[in-house]
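Topology and contacts: notes
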Amino acid sequence: MRGEPGLTGADVLVRTLVAAGVEVCFTNPGTSEMHVVAALDRELRLRAVLGLFEGVVTGAADGYARIAGKPACTLLHLGPGLANGIANLHNARRARVPLVNVVGDHAVGHRLLDPPLNSDIEGLAGAVSGWVHLSKSSSTVGADAARAVAASYGPPGQIATLILPADAAWNRAEGVGEAMAPLRPSIPESRAVDMIAELLRGAGDGATLLMNGDALSERGLELAGRVHAATGARLFADTFVTKMARGGGRVAVPKLPYYGEDVLRHLAGTRHLILVGTKAPVSFFAYPGEPGALTPEGCSVHVLARPDQHLVGALSALAEALGASRADPGAAAREAVPLPTGALTPDSLGQALAALLPENAIVMNEGATAARRIPGWTTNAAPHDWMDLTGGAIGMGLPAAAGAAIAAPDRRVVSLQADGSGMYTVQALWTQAREGLDVTTIVLANRKYAILEGEYRRTGAGEPSPKGRALFELTRPELDWVSLARGMGVPGTRVGTADALAEAIRKSFSEQGPFVIEALL
């Protein structure tokens, strides 16, 4: 601890975060966090970004971590503020990203009086955090903050929640905490790698590698491509990925589809399923008479690397064991795609995006039902990173796009956003405008929760009546995304043809700042 006169616990918190490499704080603060706000005001090295809803704050921290590869911190107000942000913390937990979640609390003595905003913060935080700690005194805040940052790295990445009572923030503190080296992931033992290599030599296309996490980085995909070239093993990514390198020059790996019967069809013939940073696939929901586990009958499951291990290192060791370190990985060729004309459909939307996507863009996909065909169109587009809604709690897309843009201000972010789920965190557009972020949001406006129409039938509920269908339709009144965006300082346009969509995308990419395109599908 480095002593310095006149520091509060909040000053020590903020300076320790900076010393540990944290550069951004996403926040929606309240009374119990005012001394942290004052400390942020005094510390110019930590950027403070306001979100108008805690779900924006936590979703932005997730998107930031996926691109930056390190944690931002959040600053939330008591248990209710944390509760407002939990859905996107759930998504971040499923994405296994590092995130330092700071939650203010009542002063220790005041908490004993059970004031109106008192709640079980530890219990709420525990549902989504891998590490939770209450700083009971300003004298320990520095060490606690350093531990929180180190803990957020895992491995694998996780949410580290530090609860900061108001008196621990305003009382004088001892000094700034020393940054701690996080634990590093290990490479699987050589005998485990050799066993997988031996299995692959004789399995041919009866073996499948299923991947997520850093296995889907450009280097990880290159190594997986070499394994495929040497053995014939098929390659798949999870249905929803944390971040995946895609486009021309990268190895193209398809994602497993959403519905269970489609997953089983894609994995048909797989006798050996080899996991790299993920688990065996399961159905998102239970359906009457349908299997929940989606491993084909007679298929054995093997683990090359757990999520807490070094995934790229494991793939490198496997390629070396197979003698495939120099094999041609079979990267996708870069191809020019003509601009679409005529009707606006999910396919023409995907074609327009493939034709116009700029080099090194970031795509944040929460397009739901209407976006399922778009990845197929962008396989040979300009190199880009693709991110998905990992935990299934909708309302992540717009905030995550904002966080990604803050992490990479030199890259264009494209947010594919379903209209219904976008309304959960529409406030993120305000943050995008305030921060001047280069985010192009394409709202896939089908005026309904389209997935629920199919789910109604799949669960055996029958055929919905007009009353039931009304619970899936976003009409009476229809949403006006252009007006919503304008009200938050973001320009936009509504398009109803493929030609108009292409022109709007081109325009948004040529200008700085956020832009919303409402695509009527």
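Keep in mind it's a predicted model, so treat the numbers as computed, not measured.

Further remarks concern helix H15 (residues 397–407). Burial analysis of H15 places ten of its eleven residues in the buried class, which makes it a mostly covered element. Here H15 has its buried residues at Gly397, Leu398, Pro399, Ala400, Ala401, Ala402, Gly403, Ala404, Ala405 and Ile406.

An order of S3-S2-S4-S5-S7-S6 is seen for the six strands of this open sheet, with the pairing classed as parallel. Across the chains shown, the open sheet's two edge strands, defined by having one partner strand only, are strand S3 (47–50) and strand S6 (131–134). Direction aside, neighbouring strands of the sheet carry axes that sit 20° apart on average. With three bridges connecting them, strand S2 (residues 24–27) and strand S4 (residues 73–77) associate as parallel partners. Paired with Cys25 across the strands is Cys73, a residue of S4.

With that settled, consider the packing of helix H3 (residues 54–68) against H15. Two numbers describe how H3 lies on H15: the axes approach to 6 Å, and their chain directions differ by 45°. Compared by their axis directions, H3 and H15 come out oblique. Regarding H3 and H15, the two cross each other, and that crossing is right-handed. In this structure, H3 uses Gly55, Val56, Gly59, Ala60, Gly63, Tyr64, Ile67 and Ala68 to contact H15, whose residues at the interface are Pro399, Ala400, Gly403, Ala404, Ile406 and Ala407. Grouping the amino acids of the contact of H3 with H15 by side-chain chemistry returns ten nonpolar, four polar and no charged.

Looking at the secondary structure, you find Arg447 in the loop between strand S17 (439–445) and helix H18 (450–458). A distance of 3.0 Å separates polar atoms of two side chains, one belonging to Arg447 and the other to Glu518. Ignoring any residue separated from it by four or fewer positions in sequence, one finds Arg447 in contact with Asp419, Glu473, Leu474, Thr475, Glu478, Leu479, Arg494, Glu518 and Leu520.

Right, let's get into the pattern of salt bridges. Between side chains of opposite charge, pairing is possible as soon as their charged atoms come close. For the structure on display, the rule yields 29 salt bridges. Salt-bridge contacts for Lys70 lead to Glu23; the nearest nitrogen and oxygen are separated by 3.3 Å. Of the two residues, Lys70 sits in the loop between H3 and S4 while Glu23 sits in the loop between helix H1 (9–19) and S2, which places them 47 residues apart along the sequence. A salt bridge links Arg111 to Asp105, with the shortest nitrogen-to-oxygen separation between them at 2.7 Å. Under the relative-accessibility criterion, Asp105 is labelled buried at 2%. One network of salt bridges, in which partners are shared, links Arg447, Glu478, Asp480, Arg494 and Glu518.

With that settled, the discussion passes to the packing of H3 against helix H4 (residues 78–95). It is at 7 Å that the axes of H3 and H4 come closest, and there the two elements cross at 20°. Comparing their axes, H4 and H3 come out roughly parallel. H4 is crossed by H3, and the crossing has right-handed handedness. Seen from H3, the contacting residues are Glu54, Gly55, Thr58, Gly59, Asp62 and Arg66; seen from H4, they are Gly81, Asn84, Gly85, Asn88, Leu89, Asn91, Ala92 and Ala95. For the contact of H3 with H4, the per-class residue count stands at three nonpolar, eight polar and three charged.

Once that is clear, we can look at the pairing of strand S14 (residues 361–366). Walk down a regular strand and you will see the side chains alternate between the two sheet faces. Buried residues dominate S14, accounting for six of its six residues. Here S14 shows a buried face lined by Ala361, Val363 and Asn365 and a second buried face lined by Ile362, Met364 and Glu366. As judged from the five bridges shared by S14 and strand S15 (residues 384–388), these two strands associate in the parallel manner. Bridge assignment links Asn365 to a residue of S15, and that residue is Asp388. Strand direction decides the pairing type here: S14 and strand S16 (residues 413–418), joined by five bridges, are parallel. Residue Ile362 lies in a different strand from S16, and its bridge partner there is Val413.

Empty space within the largest pocket amounts to approximately 1,400 Å³. Surrounding the largest pocket, 48 residues form its lining, Arg94, Ala95, Arg96, Gly213 and Thr242 being those nearest its centre. Elements supplying a minimum of two residues to the lining of the largest pocket: H3, H4 and helix H12 (311–321). When residues of the lining of the largest pocket are assigned to their parent elements, the largest contribution, four residues, is made by H4. Along the lines of polarity and charge, the residues of the lining of the largest pocket split into 22 nonpolar, 16 polar and ten charged. Estimates place the volume of the second largest pocket at around 1,100 Å³. Lining the second largest pocket are 49 residues, and of these Phe240, Tyr258, Ala368, Thr369 and Arg372 sit closest to its centre.

Cis geometry marks the peptide bond from Gly154 to Pro155; its omega dihedral reads 5°. With respect to the element layout, Pro155 can be found in the loop between helix H7 (141–152) and strand S7 (159–165).

This next bit is on empty space enclosed by the protein. One pass over the structure, following the stated rule, counts two cavities of 30 Å³ or more. Roughly 60 Å³ of volume is contained in the largest cavity. In terms of lining, the largest cavity is formed by Gly260, Glu261, Leu264, Ser283, Tyr287, Glu290, Pro291, Leu294 and Arg458. Looking at the lining of the largest cavity element by element, the count peaks at three residues for helix H11 (residues 260–266). Along the lines of polarity and charge, the residues of the lining of the largest cavity split into four nonpolar, two polar and three charged. Lining the second largest cavity are Leu13, Val14, Leu17, Cys25, Val36, Leu40, Leu46, Cys73, Thr74, Leu75 and Val102. Secondary structure elements with two or more residues in the lining of the second largest cavity: H1, helix H2 (34–42) and S4. Its residues assigned to classes, the lining of the second largest cavity shows ten nonpolar, one polar and no charged.

Reading the values: rules and limits
Residues numbered from 1 in each chain as written. Predicted model: local features only at pLDDT ≥ 70, side-chain atom pairs only at ≥ 80, totals over all residues. Heavy atoms only, no water. Buried < 20%, exposed > 50% of the residue type's maximum accessible area, 1.4 Å probe, protein only. Helix = DSSP H or I, 4+ residues; strand = E, 2+ residues; numbered from the N terminus. Pairing = 2+ DSSP bridges. Axes fitted to C-alpha atoms, helices over the stretch in contact; angles between N-to-C directions. Parallel < 35°, antiparallel > 145°, perpendicular 65-115°, else oblique. Left-handed = near helix turned anticlockwise from the far one by under 90°. Contact = heavy atoms within 4.5 Å. Nonpolar A, V, L, I, M, F, W, Y, C, P; charged D, E, K, R; others polar. Polar contact = N/O pair within 3.5 Å; in protein donor to acceptor, adjacent residues only side chain to side chain. Salt bridge = Lys/Arg side-chain N within 4 Å of Asp/Glu carboxyl O. 1 Å grid on protein atoms, 1.4 Å probe; cavity = no way out; pocket = protein on both sides within 12 Å on 5 of 7 lines; lining within 4 Å. Points joined across faces, edges and corners; volume = space filled by probe spheres on them.

All quantities given are derived from atomic positions and should not be read as evidence of function.
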